[in-house]
Amino acid sequence: MRIFSIIAHPRANSFCHAISARVRNALVGDGHIIEHHDLYVEGFDPCLTAEEAYTVGDTLEKALSRAEDHVLLQHRTQVANADGLLIVHPNWWGKPPAILAGWLDRVLVPGVAYRLKTADGLPEGLLSIKKAIVFNTSDTNAAREVNDLGDPLGLIWGRCVLPYCGVLEHERHVFRPVVGSSEARRENWLEEATAKCRTMFGAKLNANTSAPSAILS
């Protein structure tokens, strides 16, 4: 399986990075191809331009032809060709970091991720991604997140983004509280994240399988 992977955290020593690295290495060992992007390291520009701010009726070819930024074009092309999606980011104010929110604006555009025939119509999801998994880190109590705040990240990924783009199956998992957690607790979380990814994207290939495996960027 070709899996498109994103990490959105500015600190390279964050627990988000530890999650991403651990699960990617496991998935590569299972024979998957990972196309990975660290948005902060790449300096991804999250600002949607006026030329990109369109919502209705574009074909894939038109959408891709508008991209002059080679990084943006690479992201659009890879996500359009991916079979799976792996996203890791912290919970900041009940939303993804601004750089990831901008990624959504600029990459998951009409003609790449969905198509609208009319502005008030229902979307046609275009992504070939059928399975997605999102890992979040947080310091907010789980009960408060749901009861007081309404679990905004769950709504963003589970209702607003992934189904809209045609993703049929997704899971989201939150590790909390990260601040003050022990090394043993974090190791357990990393093992849990790895197991969930292997369940989502498929078990380890047998020794006779010659499928290529790599982490690409």
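To be clear, the structure that these remarks concern was listed above.
Bear in mind that the values here come from a model prediction, so they are computed numbers and not experimental data. Note on numbering: residues in each chain are counted from 1, in written sequence order. Totals for whole chains, interfaces and linings use every residue, but because this is a predicted model, local features are given only for residues with pLDDT of at least 70 and side-chain atom pairs only at 80 or more, for both listing and counting. To get the side-chain values, all heavy atoms of the structure are used, and hydrogens and water are removed first.

S.K.: Break down the overall build of the protein chain for me, citing the residues and quoting the values.
M.R.: Secondary structure elements follow DSSP: runs of H or I no shorter than four residues count as helices, runs of E no shorter than two count as strands, and numbering proceeds from the N terminus. From N to C terminus, the protein chain includes eight helices and eight strands. Only the C-alpha atoms count toward the radius of gyration. The rule for a globule is 2.2 Å times the residue count to the power 0.38. Its C-alpha atoms give the protein chain a radius of gyration of 17 Å, near enough to 17 Å, the size a compact globule of 217 residues would have. If you line up the protein chain on its principal axes, its C-alpha atoms span 50 × 50 × 30 Å. The classification of residues rests on relative accessible area computed with a 1.4 Å probe and restricted to protein chains. Under 20% of the type maximum is buried, over 50% is exposed, and intermediate values are partly exposed. A total of 217 residues make up the protein chain; the buried ones form 46% of that total. In this description, contact between two residues means that some pair of their heavy atoms is separated by no more than 4.5 Å. When contacts within the protein chain are restricted to residue pairs at least 6 apart in sequence, those whose partners lie at least 24 apart make up 80%. When the accessible surface of the protein chain is split by element, carbon and sulfur atoms take 53% of a total near 10700 Å². Counted charges follow a simple rule, with Lys and Arg positive, Asp and Glu negative, and His plus the chain ends left uncounted. Positions of charges follow a simple convention, taking NZ of Lys, CZ of Arg, CG of Asp or CD of Glu. The averaged location of the 25 negative side-chain charges in the protein chain is 3 Å from the averaged location of its 22 positive side-chain charges. Here, Shrake-Rupley sampling with a 1.4 Å probe gives the accessible areas, and only protein chains in the shown set may cover a residue.

S.K.: Can you explain the packing of aromatic side chains? Please cite residues and give values.
M.R.: Each Phe, Tyr or Trp ring, with Trp reduced to its six-membered ring, pairs with another whose centre is within 6.5 Å; inter-plane angles below 30 degrees give stacked pairs, above 60 give edge-to-face pairs, and intermediate values give tilted ones. Scanning the model with the defined rule gives six aromatic pairs in all. Relative to Phe175, the ring of Phe15 has its centre 6.5 Å away and its plane inclined at 85°; by these criteria the two rings are edge-to-face. Of this pair, Phe15 sits in helix H1 (residues 15–29) while Phe175 sits in strand S7 (residues 169–175); the two residues are 160 residues apart in sequence, bridging distant segments of the chain. We note that Phe15, like Phe175, is buried. Among the aromatic residues, ring-to-ring pairing joins Phe15, Phe135, Phe175 and Trp189 into one connected group.

S.K.: Tell me about the nonpolar core, residues and numbers included.
M.R.: The biggest cluster of nonpolar side chains holds 36 residues, and the ones touching the most others in it are Leu39, Phe44, Val79, Leu100, Trp103, Leu108 and Trp157. For this core, the secondary-structure elements that each account for two or more residues are strand S1 (2–7), helix H4 (70–81), strand S3 (84–90), helix H5 (98–107), strand S6 (131–137) and helix H7 (152–161). Of the residues forming this core, the biggest block, five residues, is contributed by H5. Grouping buried Ala, Val, Leu, Ile, Met, Phe, Trp, Tyr and Cys residues that are joined through side-chain atoms within 4.5 Å yields what is termed a nonpolar core. Core analysis: the next-biggest nonpolar cluster, separate from the first, contains 21 residues, Leu86, Phe175, Trp189 and Phe201 among them.

S.K.: An account of H4 is needed here, citing residue identities and associated values.
M.R.: One less than the number of residues in a helix, times 1.5 Å, gives the span that helix is expected to have. The first and last C-alpha atoms of H4 sit 17 Å apart over twelve residues, in line with the 16 Å expected at 1.5 Å per residue. Within H4 the residues assigned to the buried category are Val71, Leu72, His75, Arg76, Gln78, Val79 and Ala80. If you follow the buried residues of H4, they end up packed against S1, strand S2 (33–38), helix H2 (39–42), helix H3 (60–65) and H5. Residue Asp69 occupies the N-cap position of H4, its side-chain oxygen lying 2.9 Å from the main-chain nitrogen of Val71. Polar contacts here mean pairs of N or O atoms no more than 3.5 Å apart (in protein, one a potential hydrogen donor and the other a potential acceptor; neighbouring residues in sequence count only if both atoms are side-chain atoms).

S.K.: Go over H1, please, and point to the residues and values.
M.R.: Taking 1.5 Å per residue, 15 residues should reach 21 Å; H1 reaches 21 Å between its end C-alpha atoms and fits that length. Of the positions making up H1, those classed as buried are Phe15, Cys16, His17, Ile19, Ser20, Val23, Arg24, Ala26, Leu27 and Val28. Of the residues one or two after H1, Gly31 is the one with positive phi, at around 95°.

S.K.: Mind laying out the pairing of S2, listing which residues take part and the relevant values?
M.R.: The element S2 is extensively covered by neighbouring structure, given that six of its six residues are classed as buried. What you see with S2 is no split at all: Ile33, Glu35 and His37 on one side and Ile34, His36 and Asp38 on the other are buried throughout. By definition, two strands form a pair when at least two bridges between them are found by DSSP. In terms of strand pairing, S1 meets S2 through six bridges, oriented parallel. For Ser5, the partnering residue across the bridge sits in S2 and is His36. With the strands aimed away from the viewer, a crossover counts as right-handed if its path from the first strand over the helix to the second runs clockwise. In this fold, S1 hands off to H1, which returns the chain to S2; that crossover is right-handed.

S.K.: Summarise the pattern of salt bridges; cite the residues concerned and give the values.
M.R.: What counts as a salt bridge is simple: a side-chain nitrogen of Lys or Arg found within 4 Å of a carboxyl oxygen of Asp or Glu. Summed over all chains, the structure comprises nine salt bridges. In this structure, the salt-bridge partner of Arg2 is Glu35, at a minimum N-O distance of 2.8 Å. On the criterion of sequence distance, the pair formed by Arg2 in strand S1 and Glu35 in strand S2 is long-range, its members being 33 residues apart. The buried category is assigned to Glu35, whose relative accessible area is 8%. Between Glu124 and Arg115 there is a salt bridge, with its nearest N and O atoms 3.5 Å apart. Of the residues examined, Glu124 reaches a relative accessible area of 39% and is grouped as partly exposed. One salt-bridge network, held together by shared partners, links Glu52, Asp69 and Arg106.

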